Amino acid sequence: MGDKLNIFLKSRRRMTLLYSIIMVLFLAVLMVTVHSTMEWAITSEQARELQDTATDVTDITQYMAEHAGDQPEEMQAYKSTNDRLFFYVFDGDGRLTNFARASFRIEPFVLDQITAWHAAPEDVVVFSREKDRHNRAAKVMMTSRTIYIDGSTQTIYVGKDITTLSYGLEKATYALVVTAILMLIIALFIAHLLAGKAMVPLKTAYEKQRQFAADASHELRTPLAVVMASADLLENDPSIQSPFLKQVIADVRDEVKKMSKLVSDLLVVARSDNQALKLTTTKFDFADILGQTTRLMGPLAEQKHITIDAEELPETIIHADEQKLRQLALIFIDNAVKYTPDGGRVTVRLAPYEHGTLRFSVQDTGIGIAPADQEKIFDRFYRVDKARSREMGGNGLGLAIAQEIVKLYHGHIAIDSELGKGTTFTISLKVKGKGRNK
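In this text, all values refer to a predicted model and were calculated from it rather than measured experimentally.

1. A closer look at unusual backbone geometry
Point 1. For histidine 305, which is not glycine, the phi dihedral falls at a positive 55°.
Point 2. Mapped onto the elements, histidine 305 comes out in the loop between α7 (298–303) and β7 (307–310).

Next comes the structure, spelled out in structure tokens:
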């Protein structure tokens, strides 16, 4: 039942993971959008203020030229404001004619940008300086204006220190990221709880279905046994001479036999779901089990002219559940014979017992299994060739039961198959025992 209940645990985790991915993508898009919006809002506002300042400085400079250098109060006000706003006016010969200096911390950087200026007039450009030897970075926004006074050209460079605003935006972004992470953790916790609640009705339905399969399988065994016994009596009744009736009785007996096998397999599966599969450990030679199973399948193999080759099997004394391992061997050898065409070969091998591992393989020259089907063949009721399975009485539960038995022994099943060339199943089990080569 543990593996089956893990389905719900895995489903819950998958739902949580899917929700996590969606939330991460949503928050990532949200953070990028909010950051871009804040950056655009701040930058555009600062650019508008800078353009207004540049226009004012240009107008004042023209006024000063027209009034013989008389500086109006507005110019004095610009020069006395904080050092975040600054401007430099150069004449056509590159001489500095007027200015409101930038902070000494960034003035060399600003003058370097003016010297290398390539932007068109009225364009707003943002320059960033990496941290200097004093571990101080800088970010300035600048624009330029060109005016003509008395036939000469003057260039005005107006700028603003936006380093503080940049730091503020960076801190706001960090705070946004931290908040998003906290909200994501809370959202994932809530999602995990909600996914668990969503699993409750599914788990209840699954439990009822599993219990129904177990109860139905158990209750059907008795009536099927009665019908089988009745069919046997009728088949041996000398008073029934009609060939038609005999055929009907034989068909009923075959169908009841198939139904009995299906019910038996369903009961095994239901018990495995309920963890009711118990191991009865005895000491026996597994080589004898393989040999007996091979001989049991002999008549069916002879009908199809199939050669069953059980190579010299080394004596392997183990402590395990003989009935379960006999059923395991029968499932693989029976499948090999069923799915091998007439005239084919089935080979059974038993590897020497080593390091607590029992390993045997069943190889056939049958129809093979496509790579896409190899992951599904252990699913209940899955059949690669449905028409052939029905014809041979297969119900799609054999390999599922084999998988359950192998899990009881903490083993695994390896598949090596190619379409049209055959299949090799290699089964490894962790059991106690000892081996000796004959």
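2. Thoughts on the pairing of strand β12 (residues 422–430)
Point 1. Among the nine residues that make up β12, seven are buried, leaving the element largely enclosed by the rest of the structure.
Point 2. The pairing of strand β10 (residues 357–364) with β12 spans seven bridges and is classified as antiparallel. Note that in β12 the partner of arginine 359 across the bridge is serine 428.
Point 3. In this structure, strand β11 (residues 412–418) lies alongside β12, joined through seven bridges in antiparallel fashion. When the bridges of β12 are listed, isoleucine 413 appears paired with isoleucine 427.
Point 4. From the end of β11 to the start of β12, which pair antiparallel, there are three residues, and glycine 420 there has a positive phi angle of about 80°.

3. Quick notes on the confidence of the model for the chain
Point 1. Confidence in the prediction for the chain averages 81 pLDDT; 81% of positions are at 70 or higher.
Point 2. By mean pLDDT, the top-scoring element of the chain is β12 (93), and the lowest-scoring one is helix α10 (residues 386–392) (51).

4. A few points about the environment of serine 417
Point 1. Topologically, serine 417 is positioned in strand β11.
Point 2. Taking C-alpha positions, serine 417 is 5.5 Å from glycine 368, a pair spaced 49 residues apart along the chain.
Point 3. Apart from residues lying up to four places away in sequence, serine 417 is in contact with Gly368, Ile369, Gln374, Gly422 and Thr423.
Point 4. Separated by 3.3 Å, the side chain of serine 417 and the backbone oxygen of glycine 422 make a polar contact.

Basis of the calculations
Residues numbered from 1 in each chain as written. Predicted model: local features only at pLDDT ≥ 70, side-chain atom pairs only at ≥ 80, totals over all residues. Heavy atoms only, no water. Helix = DSSP H or I, 4+ residues; strand = E, 2+ residues; numbered from the N terminus. Buried < 20%, exposed > 50% of the residue type's maximum accessible area, 1.4 Å probe, protein only. Pairing = 2+ DSSP bridges. pLDDT = per-residue confidence, 0-100. Contact = heavy atoms within 4.5 Å. Polar contact = N/O pair within 3.5 Å; in protein donor to acceptor, adjacent residues only side chain to side chain.

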